[in-house]
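Take a look at the letters that make up each chain.
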Amino acid sequence: MASEIMQDNQAPTAADPDETAYRPQAVEAAAQQYWNAQRAYEVTEQPGKAKFYCLSMLPYPSGALHMGHVRNYTIGDVISRFQRMQGRNVLQPMGWDAFGLPAENAAIKHKTAPAKWTYANIEHMRAQMQAMGYAFDWSREFATCRPDYYVHEQRMFTRLMKKGLAYRKNAVVNWDPVDQTVLANEQVIDGRGWRTGALVEKREIPQWFLKITDYAQELLDGLDALPGWPDAVKTMQRNWLGRSEGLEIRFALEGGGEPLSVFTTRPDTLMGVTFLSIAAEHPLAQRAALDNPKLAAFIAELKHGGVSEAELETQDKRGMDTGLCAIHPISGERVPIWVANFVLMGYGTGAVMAVPGHDQRDWEFAQKYSLPIRMVIVDDSVLDALKQIRHELALGVGSDAMLAALEGRDIDAQDVSAPLRVVQEFERRIMEEAAWTARGTLVNSGEYDGLDFERAFDALATRFERDGSGARRVNWRLRDWGVSRQRYWGCPIPVIRCAACGDVPVPEDQLPVLLPEDVAFSGVQSPIKADPAWRQTTCPNCGGAAERETDTFDTFMESSWYYARYTSPGAATQVDDRANYWLPVDQYIGGIEHAILHLLYFRFYHKLLRDEGLVATDEPATNLLCQGMVIAETFYRENADGSREWFNPADVEVQRDDHGRVTGARLKTDGQPVRIGGIEKMSKSKNNGVDPQSMVAKYGADTVRLFSMFAAPPEQSLEWNEAGVEGMARFLKRFWREVTAHAGGPDHAVVDPAELDAGQKAMRRQLHETIQKVSDDIGRRHAFNTAIAALMELLNALGKFADASEQGRAVRHEALEAMVLLLNPVVPHISHALWQVLGHPVTVLEDQPWPRVDPAALVRDTATLAVQVNGKLRGTIELPVNAGKDEAEALARAQPQVRQFLEGMTVRKVIVVPGKIVNIVAG
RNA sequence: GCCGGUGUGGCGGAAUGGUAGACGCGGCGGACUCAAAAUCCGCUUGUGGUGACACAGUGGAGGUUCGAGUCCUCUCACCGGUACCA
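Notes on the structure in this doc start here.

Reading the values: rules and limits
- Residues numbered from 1 in each chain as written.
- Chains lettered and ligands numbered in written order.
- Predicted model: local features only at pLDDT ≥ 70, side-chain atom pairs only at ≥ 80, totals over all residues.
- Heavy atoms only, no water.
- Salt bridge = Lys/Arg side-chain N within 4 Å of Asp/Glu carboxyl O.
- Helix = DSSP H or I, 4+ residues; strand = E, 2+ residues; numbered from the N terminus.
- Buried < 20%, exposed > 50% of the residue type's maximum accessible area, 1.4 Å probe, protein only.
- Pairing = 2+ DSSP bridges.
- Phe/Tyr/Trp six-rings, centres within 6.5 Å; stacked < 30°, edge-to-face > 60°.
- Axes fitted to C-alpha atoms, helices over the stretch in contact; angles between N-to-C directions.
- Contact = heavy atoms within 4.5 Å.
- Expected span 1.5 Å × (residues − 1).
- Parallel < 35°, antiparallel > 145°, perpendicular 65-115°, else oblique.
- Left-handed = near helix turned anticlockwise from the far one by under 90°.
- Nonpolar A, V, L, I, M, F, W, Y, C, P; charged D, E, K, R; others polar.
- Core = buried A, V, L, I, M, F, W, Y, C linked by side-chain atoms within 4.5 Å.

## Some remarks on the pattern of salt bridges
Here comes step 1: This model, assessed by the stated rule, comprises 54 salt bridges.
Here comes step 2: Across the salt bridge formed by Glu814 and Arg764, the nearest N and O atoms sit 2.8 Å from each other. Of the two residues, Glu814 sits in helix H28 (residues 806–823) while Arg764 sits in helix H26 (residues 758–781), which places them 50 residues apart along the sequence.
Here comes step 3: A relative accessible area of 22% means that Glu814 is categorised as partly exposed.
Here comes step 4: With a shortest N-O distance of 3.1 Å, Arg764 and Asp854 are connected by a salt bridge. Of this pair, Arg764 sits in helix H26 while Asp854 sits in the loop between helix H29 (828–837) and helix H30 (855–858); the two residues are 90 residues apart in sequence, bridging distant segments of the chain.
Here comes step 5: Of the residues examined, Arg764 reaches a relative accessible area of 8% and is grouped as buried.

## Observations concerning the pairing of strand S3 (residues 166–176)
Here comes step 1: Bridge analysis of S3 against strand S7 (residues 201–210) gives 10 bridges, and the strand direction is antiparallel. Across the sheet, residue Trp175 finds its bridge partner in S7, namely Glu201.
Here comes step 2: As defined by bridge partners, S3 adjoins strand S4 (residues 181–183) across 3 bridges and the pair is classed as antiparallel. Considered in S4, the bridge of Trp175 is made with Val182.

## Topic: the packing of aromatic side chains
Here comes step 1: The tally for this structure, following the rule as stated, stands at 35 aromatic pairs.
Here comes step 2: A ring pair is formed by Tyr149 and Trp561, whose centres lie 4.1 Å apart and whose planes are at 15 degrees; its orientation type is stacked. With a gap of 412 residues between them, Tyr149 in helix H6 (residues 147–163) and Trp561 in the loop between helix H19 (556–559) and helix H20 (562–565) connect regions that are remote in the sequence.
Here comes step 3: Among the residues examined, Trp561 registers a relative accessible area of 0% and is labelled buried.
Here comes step 4: Note on Phe365 and Tyr369: the rings are 4.9 Å apart at their centroids and 50 degrees apart in plane angle, and the pair reads as tilted. Note that Phe365 and Tyr369 are positioned in helix H12 (residues 360–369) at a spacing of 4 residues, about one turn of the helix.

## Some thoughts on the sheet that holds strand S32 (residues 862–869)
Pairing between the strands of a sheet comes from backbone hydrogen bonds, and it takes one of two forms, parallel or antiparallel.
Here comes step 1: An order of S33-S32-S35-S34 is seen for the 4 strands of this open sheet, with the pairing classed as mixed. Lying at the two open borders of the sheet, with one neighbouring strand each, are strand S33 (872–880) and strand S34 (907–913). Looking at each pair of strands side by side, their axes are set apart by 20 degrees on average, direction ignored.
Here comes step 2: Pairing of S34 with strand S35 (residues 917–922), which is carried by 6 bridges, proceeds in the antiparallel orientation. Across the sheet, Val913 pairs through a bridge with Ile917, a residue of S35.
Here comes step 3: Its contacts with the sheet put helix H31 (residues 885–894) on S32, S33, S34 and S35, and the angle it makes with S33 is roughly 130 degrees.

## A short note on the environment of Tyr601
Here comes step 1: With respect to the helices, strands and loops of the structure, Tyr601 is situated in helix H22 (residues 597–611).
Here comes step 2: A residue is classified by how much of its surface remains accessible, and Tyr601, at 13% relative accessible area, is buried.
Here comes step 3: Measuring from C-alpha to C-alpha, the distance between Tyr601 and Ile212 comes to 8.4 Å, with 389 residues separating the pair along the chain.
Here comes step 4: Once residues lying within four places of it in the same chain are set aside, the contact partners of Tyr601 are Ile212, Trp481, Phe556 and Ser560.

## Overview of helix H15 (residues 417–432)
Here comes step 1: Taking 1.5 Å per residue as the helical rise, H15 with its 16 residues ought to reach 22 Å, and the 22 Å between its terminal C-alpha atoms agrees with that figure.
Here comes step 2: As for H15, its buried residues are in contact with H12, strand S14 (377–378) and helix H13 (380–388).

## Side note on the packing of helix H25 (residues 722–744) against helix H27 (residues 784–800)
Here comes step 1: Packing of H25 against H27 brings their axes to within 11 Å, and their N-to-C directions diverge by 45 degrees. What the angle tells us is that H25 and H27 run oblique. The two elements H25 and H27 cross, and the hand of that crossing is left-handed. The residues of H27 that touch H25, namely those facing Met728, Phe731, Arg734, Phe735 and Glu738, are Leu791, Met792, Leu795, Asn796, Leu798 and Gly799.
Here comes step 2: Looking at the contact of H25 with H27 residue by residue, the classes come out as 7 nonpolar, 2 polar and 2 charged.

## Focus on H22
Here comes step 1: A rise of 1.5 Å per residue sets the reference length of H22, with its 15 residues, at 21 Å; its end C-alpha atoms lie 21 Å apart and thus fit the reference within 8%.
Here comes step 2: Taking burial as the measure, the 15 residues of H22 include 13 buried ones, the bulk of the element.
Here comes step 3: Just past H22, the residue Gly613 takes up positive phi, approximately 80 degrees.

## Let's talk about the environment of Met905
Here comes step 1: Inspection of the secondary structure puts Met905 in the loop between helix H32 (896–902) and S34.
Here comes step 2: Sequence-wise, Met905 and Asp359 are 546 residues apart; in three dimensions their C-alpha atoms are separated by 57 Å.
Here comes step 3: Ignoring any residue separated from it by four or fewer positions in sequence, one finds Met905 in contact with Asn870, Ala922 and Gly923.

## Some thoughts on the nonpolar core
Here comes step 1: With 175 residues, the main nonpolar core has Phe157, Tyr588 and Trp720 as its most contacted residues.
Here comes step 2: Top element by residues in this core is H28. It accounts for 10 residues.
Here comes step 3: Apart from residues no more than four positions distant in its own chain, Tyr588 is found in contact with Leu55, Ser56, Met57, Tyr562, His598, Leu599, Phe602, Ala621, Asn623, Leu624 and Leu625.
Here comes step 4: Core analysis: the next-biggest nonpolar cluster, separate from the first, contains 63 residues, Leu295, Ala435, Phe453 and Leu460 among them.

See the structure below:
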């Protein structure tokens, strides 16, 4: 049994004289050394062998690994090792999403260059990952801030420009008037700049966009081809894309001029339009403001505040009459045009028709500004009432045309006071309580009275298409992807601005456009914007003097195609043929916070790569798992000024009463009480982050891995709790002891199923049931927590299985060997060591086949059935598995408990679910 | 505001329409020990009862079903996203 592990363990220290004790640090160092020496997880393409590409979202190198990373990469590592044990050629890469805003903030704080800070973080975090024992193919590692990565992104962008898929237009940003800089939404707090405290303004600047809207339909349809993605993610993406079918209707302006276009999904409510609302940025509003100082002041006021949707949609609805009027295309009535702060220039046409009777937001606006409300849609009960009072035309509801449309239906109208109340009540609610927004039947709509939604839609669409004042249109909520950032630490946008030729893509032979890394960084202005020498260049078209674009790309650009680059390390092109061996990603793992933006750009970019002929598939990843956050208790003390000082959970001791309920907490250093602030996402601001490195130093990587997989199912949030971690350490110690004790005993025999007694059979059945459950839990359900629970139960059972007979030892040996393999994906270091303890030569354990279920071992003689009376449990019965329904029913009815509850009742029905339940329905 | 999700013992969680609380933590009791730690064993949803047992119970209110933590409707609370945080 000479192995590097045992050699390593042969020199027990004085403090720990037990040479069979589990020492995670030694075990883990030895296993990692062996894997590195073997290059155990470096892979190449093996045509003919099933591949499995397991990808975890690449980290931003923020400084140190946090528990969220540990959770993410442990899930990926478990799946990777498991899949390799199923015989697949597994690729699991890792890299760094290295551009981004935090590097600039750190650079200001620490007076260093963003590049230097970033590279130092990468070194540190890589070492931390390696200590966790992840089976990454490190030969494929890259950082996205390196020119040999971003050159491909720049080349792709210049090609998209030539295809017309990249273009420039004005867009609104947050502007800090003091620092004279653009702010990210995150940097706007309560409408003010986070550093200056100045009121933020909206400002329009030219920006580069990618035409993701050209792919909207494909991005929508593609979701149906992704059964391996969570429904929640697909639903969110569908809603984000927001396909809607409607009409674009042109309202002529009073006094002539360009008509005002609106988009509506509810043309059936057209006769209920009482005003039009336009965005403050709409050209019509701008024009009206020229000779209307009050309106100009109002529009200027709307410029205050940030541009985020959450901020815009939660502010009070406000508006002002422009004084302009449009002409209703059917009735010819004058319709006033208002500027409203809730109409967004970026969605649809920047103008909407307002129907206060049947749209809640318009209703609230109309109430606030005393604008008229009209009922033009009614439900079936009102329709019936209208039919009954069809002779009472003078009542002011309905109309001749509508009633004519209803003439076909023969109704006896006697007393109309009851139906009249129905109609009046419906109309009163619309006028006084709330808009009625469901679909129904048109009234008060002239020739369209009596039509339902579809027929009204068709009739109006046909009419407008004929007279040229409107058309059917598909509208998307999705907007084109703005990729310009006015920041330094990002990939330079490869464009040259020439006064004569316009925007010219940098020729491919002049790429990459390099970002200088050795710069002084103050945070106020980007060093490349401040450096005239960097900007200055010549136009590749005309040879005249020109300037470089100084904006950089959104960092989502780098993270949209990194998965493809891992397949083709060193390729001169963005990816090469190897991509089509590995892609698509078989399992993608990352946080749910990326459900929309990153995962949509990721899917979009894959289609861009496909349309460049670089990849052959339509979607980048077939299966997606979104893990929850890592959270922890928070502790604080209130300072005299009301601010809070937060204490790390590691420095706090929790107090409990006799029942184990938490009663309070004290700081370990001074013994004085601290307040418990609730369980929140681990963060620097609440100081409740638990450092993975300190946990690894204290318990070992396997224990940390085990806890993060056991404490919650992967999709849910995981509460870090050190007592729970200790429990995992206890389990590994017991496992180690059980295996070493067994290996140190007499030689074992091979299991002979015919020789087993009842106890041995039961032990072996539990083993094979566990193999079955663990295989399904890891392979299909990704329920790692219940897989581990089943293995804990198995170890508990083995601890009580005191059978020292030959067959008893044989069963134990089979069980322990299987357990080492079943636990290997989660705790690979201890498994690596114990495999050798069990007498095997040192090896890469992922090349051992996964344990197989012996169907014969699963066979049971009897089954336990629950017996219910009227759905309530009244006992259980044990009977042979092949017993019939009658037998089960008879035995159930014979139970004393059951007879007691059936006394004086008549049995009406008996439901028998074989192997599960007998329910006697009586009354 | 809008979109998506979550809610079960003292705590993390289990239960894939069929015995609610597996497994782990904490707590209580016991063994071992001079003692402590470590380890091992037992108990541990609540209420009533010596007990067998009964009743209640999965955020709240309704509903479907022989049977609902699970499916449906409404509602409350919290979490994620909301296009320039990543």
